[in-house]
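The primary structure of each chain is shown beneath.
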There are 2 protein chains.
Amino acid sequence: MATVAFVGAGPGAADLITVRGARWLARADVVLADALADPALREHAPDADWIDVGKRGYGPATEQAVIHALLLRYAARCACVVRLKGGDPSVFGRLEEELAVVRAAGHETVVVPGVTAALAAAADAQRPLTRRGRGRSVALTTAMTREHALCAGRHADSEVFYMAGTQLPALARQLAAAGWPATTPLSVVSRAGWPDAIHTQHTLATLAQACVLHRGRPTVVIVGAAASALAPAHAGSAAAWQAASASA
Amino acid sequence: MATVAFVGAGPGAADLITVRGARWLARADVVLADALADPALREHAPDADWIDVGKRGYGPATEQAVIHALLLRYAARCACVVRLKGGDPSVFGRLEEELAVVRAAGHETVVVPGVTAALAAAADAQRPLTRRGRGRSVALTTAMTREHALCAGRHADSEVFYMAGTQLPALARQLAAAGWPATTPLSVVSRAGWPDAIHTQHTLATLAQACVLHRGRPTVVIVGAAASALAPAHAGSAAAWQAASASA
């Protein structure tokens, strides 16, 4: 029986994997990697067989079954299989199906969390996902249904949509229909976490303009309080300064 | 002018920091660290002054002002200040105020994302936060208002509450009032990401029983679809096996 570790690679750039994730790569006999993973991640697994199971060239349903078959094949042969998934394995990663298949075959499973794209996008935009008092909840959402229809709602103070890059005009219409005002701020971040990340700022009324800039790049759209500008600075009272001086 | 890097340490255990975060620690002149950060993280910053700014012994308002004052003091003296924050800096991290203060003083700011507790908890529970078809959105929420009142709602298919460990019976009442049925599944995970993490499984009706097990430990409560058991395994069709065999 093998150990199969489902490891979050982070949003792309190799240095956004966790130290624990890198250590699992180092002990892997084989790595089944998503297409989004940075090739530089291979440096962490110099002795492993590296198999690209990115979703290109298959229909989505067949493709997932192929991944299941490969997981079972390599788990039967090896002591340690790493299934390297983009972002965090627990968020929009099809983890449920893969865990169930591997466990049903009697293998041990481990999940190593990773930085999901929403967090990397907020970091690049330097606009936090939660705001004290005015942004107490943030929802991570896929705008696409299983049938590939776009369906956006209004769940929380802020909403983060994954993989909406090609459909920004439709997303804007859906958000308006869900009750978000035309003046709602939006941050659009593509290639979050990479050196060439782009962050642009919009309102719901002007979201469609983001299409050209972000075309062809993995995109995250942040809607609501989390997309608003930072509140003005309050450095603190004189008393606080004195307390800091006395204790430092 | 200094560079101030706001780095997510992850949920606690030192090896859940990102490789990028560890590299920022290595170049820091001074590190201002939250109390939750693992002392083992200091190995990444052997030459830095390490200052514990954990929120103990101050009122919350004063304390944040002291952190602001310390940030400005060290940014004025050093080339590189790391502000090491538990979890991800953009999620329930008071990042907005600190970014605003540092930027207003003219310093360069960088944000390095981290693994937020919800992701680590889902990894420990091996129950993904999103489920294909039945769990399309997940909301990260603090159940506490600014006035320290408990206030839980129903925002998404799944809801994750931070820091609710001491108030599980009150949380259960609030969730019921917000419309979650008594049979709703809940995962409770404390010390997520650590070797001694505990995961227990409940329904809304039995949530209060989790109090004893998780008492005194940082706790995350996952409500709804994300807390349900895994769907049964489908290894894939014979055709998918054959396709995998042919291509491997």
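Residues numbered from 1 in each chain as written. Chains lettered and ligands numbered in written order. Predicted model: local features only at pLDDT ≥ 70, side-chain atom pairs only at ≥ 80, totals over all residues. Heavy atoms only, no water.

Engineer: So, the overall build of chain A: which residues are in play, and what are the values?
Structural biologist: From N to C terminus, chain A includes seven helices and ten strands. The burial tally for chain A puts 60% of its 248 residues in the buried class. Nonlocal contacts in chain A, meaning residues at least 24 apart in sequence, comprise 63% of its contacts between residues at least 6 apart. (Helix = DSSP H or I, 4+ residues; strand = E, 2+ residues; numbered from the N terminus. Buried < 20%, exposed > 50% of the residue type's maximum accessible area, 1.4 Å probe, protein only. Contact = heavy atoms within 4.5 Å.)

Engineer: Tell me about the sheet that holds strand S8 (residues 185–190) of chain A, residues and numbers included.
Structural biologist: Across the sheet, ten strands lie side by side as S9(A)-S8(A)-S10(A)-S7(A)-S6(A)-S6(B)-S7(B)-S10(B)-S8(B)-S9(B); this open sheet has mixed pairing. Where the open sheet ends on each side, the last strands, each with one partner, are strand S9 (198–203) of chain A together with strand S9 (198–203) of chain B. Going from strand to strand, the sheet's axes swing by 20° on average, the running direction of each strand aside. The pairing of S8(A) with strand S10 (residues 219–224) of chain A spans five bridges and is antiparallel. Bridge pairing in S10(A) links A:Val188 to A:Val221. (Pairing = 2+ DSSP bridges. Axes fitted to C-alpha atoms, helices over the stretch in contact; angles between N-to-C directions.)

Engineer: Any chance you could break down the interface of chain B and chain A for me, citing the residues and the numbers?
Structural biologist: Contact residues are listed per partner, giving 83 residues for chain B and 83 residues for chain A. Of the roughly 6500 Å² buried where chain B meets chain A, counting both sides, 61% is carbon and sulfur surface. When the area that chain B buries against chain A is broken down by residue, the three leading residues are B:Glu96, B:Arg132 and B:Arg136, summing to 13%. Our count for the contact surface shared by chain B and chain A stands at six salt bridges. Of the charged contacts, one joins A:Arg134 and B:Glu96 as a salt bridge, the two residues approaching to 2.4 Å between their closest N and O atoms. Linking chain B with chain A are 26 residue pairs in polar contact (both at pLDDT 80 or more), by the criterion used here. (Buried area = accessible area lost by both parts, 1.4 Å probe. Salt bridge = Lys/Arg side-chain N within 4 Å of Asp/Glu carboxyl O. Polar contact = N/O pair within 3.5 Å; in protein donor to acceptor, adjacent residues only side chain to side chain.)

Engineer: Hey, could you go over helix H4 (residues 117–125) of chain B for me, with residue numbers and the actual values?
Structural biologist: With respect to burial, H4(B) is a largely interior element, eight of its nine residues being buried. When we look at burial in H4(B), the residues that qualify are B:Ala117, B:Ala118, B:Leu119, B:Ala120, B:Ala121, B:Ala122, B:Ala123 and B:Ala125.

Engineer: Before we move on, could you go through the sheet that holds strand S3 (residues 49–52) of chain B and cite the residues and values that matter?
Structural biologist: All names here are of chain B. If you trace the five strands from one edge of the open sheet to the other, you get S3-S2-S4-S1-S5, paired in parallel fashion. Here the strands that pair on one side only, and so sit at the sheet edges, are S3 and strand S5 (108–112). Recorded for the sheet is a direction-independent mean angle of 20° between the axes of neighbouring strands. When strand S2 (residues 30–33) meets strand S4 (residues 80–85), the two strands line up parallel, connected through four bridges. Bridging from a neighbouring strand, valine 30 pairs with valine 81 of S4.

Engineer: Describe unusual backbone geometry, naming the residues involved and giving the relevant values.
Structural biologist: The backbone of A:Phe92 sits at a positive phi, close to 50°, despite the residue not being glycine. The exposure class assigned to A:Phe92 is partly exposed, which follows from its relative accessible area of 23%.

Engineer: Any chance you could break down the pattern of salt bridges for me, citing the residues and the numbers?
Structural biologist: Counted by the stated rule, this structure contains 18 salt bridges over all chains. Here B:Glu96 ties to A:Arg131 by a salt bridge, and the two come within 2.9 Å at their closest N and O atoms. Pair noted here: B:Glu96 is in helix H3 (residues 95–104) and A:Arg131 is in the loop between helix H4 (117–125) and strand S6 (137–142), and the two residues belong to different chains. Ionic pairing is found between A:Arg191 and A:Asp196, a salt bridge with its closest N-O pair at 3.1 Å. Judged by relative accessible area, A:Arg191 falls into the partly exposed class, the value being 24%. The network of salt bridges with shared partners includes A:Asp34, A:Arg83, A:Lys85 and A:Glu98.

Engineer: Hey, could you go over the relation of the copies chain B and chain A for me, with residue numbers and the actual values?
Structural biologist: With an RMSD of 0.0 Å, the fit of chain B onto chain A corresponds to turning through 180° and sliding 0.0 Å along the axis. The superposition operator between the copies reduces to a two-fold rotation axis. In this assembly, 100% of the residues forming the interface of chain B have copies in chain A that are likewise at the interface, indicating an isologous arrangement. (Least-squares fit on C-alpha atoms with pLDDT ≥ 70 in both.)

Engineer: Let's hear about the packing of aromatic side chains: which residues, and what values?
Structural biologist: Scanning all chains against the criterion turns up two aromatic pairs over all chains. Geometrically, the ring pair formed by A:Phe92 and A:Tyr162 is edge-to-face, given 5.0 Å between the ring centres and 65° between the ring planes. Of this pair, A:Phe92 sits in the loop between strand S4 (80–85) and helix H3 (95–104) while A:Tyr162 sits in strand S7 (residues 158–162), and the two are 70 residues apart along the sequence. On the basis of relative accessible area, A:Tyr162 is assigned to the buried category, the value being 7%. Taking NZ or CZ as reference, B:Arg27 lies 4.1 Å from the ring centre of B:Trp24, over its face. (Phe/Tyr/Trp six-rings, centres within 6.5 Å; stacked < 30°, edge-to-face > 60°. Lys NZ or Arg CZ within 6 Å of the ring centre and 35° of its normal.)

Engineer: So what's going on with the nonpolar core? Which residues, and what values?
Structural biologist: Formed by 40 residues in total, the largest nonpolar core has its most connected members in A:Leu129, A:Leu140, A:Val160, A:Ile222, B:Leu129, B:Val160 and B:Ile222. Counting only elements with at least two residues in this core, the list comes to H4, S6, S7 and S10 of chain A together with H4, strand S6 (137–142), strand S7 (158–162) and strand S10 (219–224) of chain B. A:Val160 has contacts with A:Ala118, A:Leu129, A:Val138, A:Ala139, A:Leu140, A:Thr141, A:Val220, A:Val221 and A:Ile222, leaving out every residue within four places of it along the chain. (Core = buried A, V, L, I, M, F, W, Y, C linked by side-chain atoms within 4.5 Å.)

Engineer: Give a detailed account of the environment of B:Ala35, specifying residues and quantitative values.
Structural biologist: As for its placement among the helices and strands, B:Ala35 is situated in the loop between S2 and S3. What makes B:Ala35 partly exposed here is its relative accessible area of 37%.

Engineer: Would you mind going over the environment of A:Leu71 in detail, with residue names and values included?
Structural biologist: All names here are of chain A. The residue leucine 71 is located in helix H2 (residues 60–77) in this model. Exposure remark for leucine 71: the relative accessible area of 0% places this residue in the buried category. Separated by ten residues in sequence, leucine 71 and valine 81 place their C-alpha atoms 7.9 Å apart. Once residues lying within four places of it in the same chain are set aside, the contact partners of leucine 71 are Val4, Phe6, Leu32, Val81, Arg83, Glu98 and Val102.

Engineer: I'd like a description of H3(B), backed by residues and values.
Structural biologist: All names here are of chain B. Of all ten residues that make up H3, eight are buried, and the element is covered over most of its length. Three or more residues of H3 are buried, namely Leu95, Glu96, Glu97, Glu98, Leu99, Ala100, Val101 and Val102. Positive phi shows up at glycine 106, right after H3, with a value of about 90°.

Engineer: Could you give an account of the pairing of strand S1 (residues 3–8) of chain A, naming the residues involved and the relevant values?
Structural biologist: All names here are of chain A. Within S1, six of the six residues are buried, leaving the element largely enclosed by the surrounding structure. What you see with S1 is no split at all: Thr3, Ala5 and Val7 on one side and Val4, Phe6 and Gly8 on the other are buried throughout. Two strands pair when backbone bridges link them, and S1 and strand S5 (residues 108–112) are joined in this way by five bridges, in the parallel orientation. Within S5, the residue paired with phenylalanine 6 across the bridge is valine 111.

Purely geometric stuff here, so don't read any function into it on its own.
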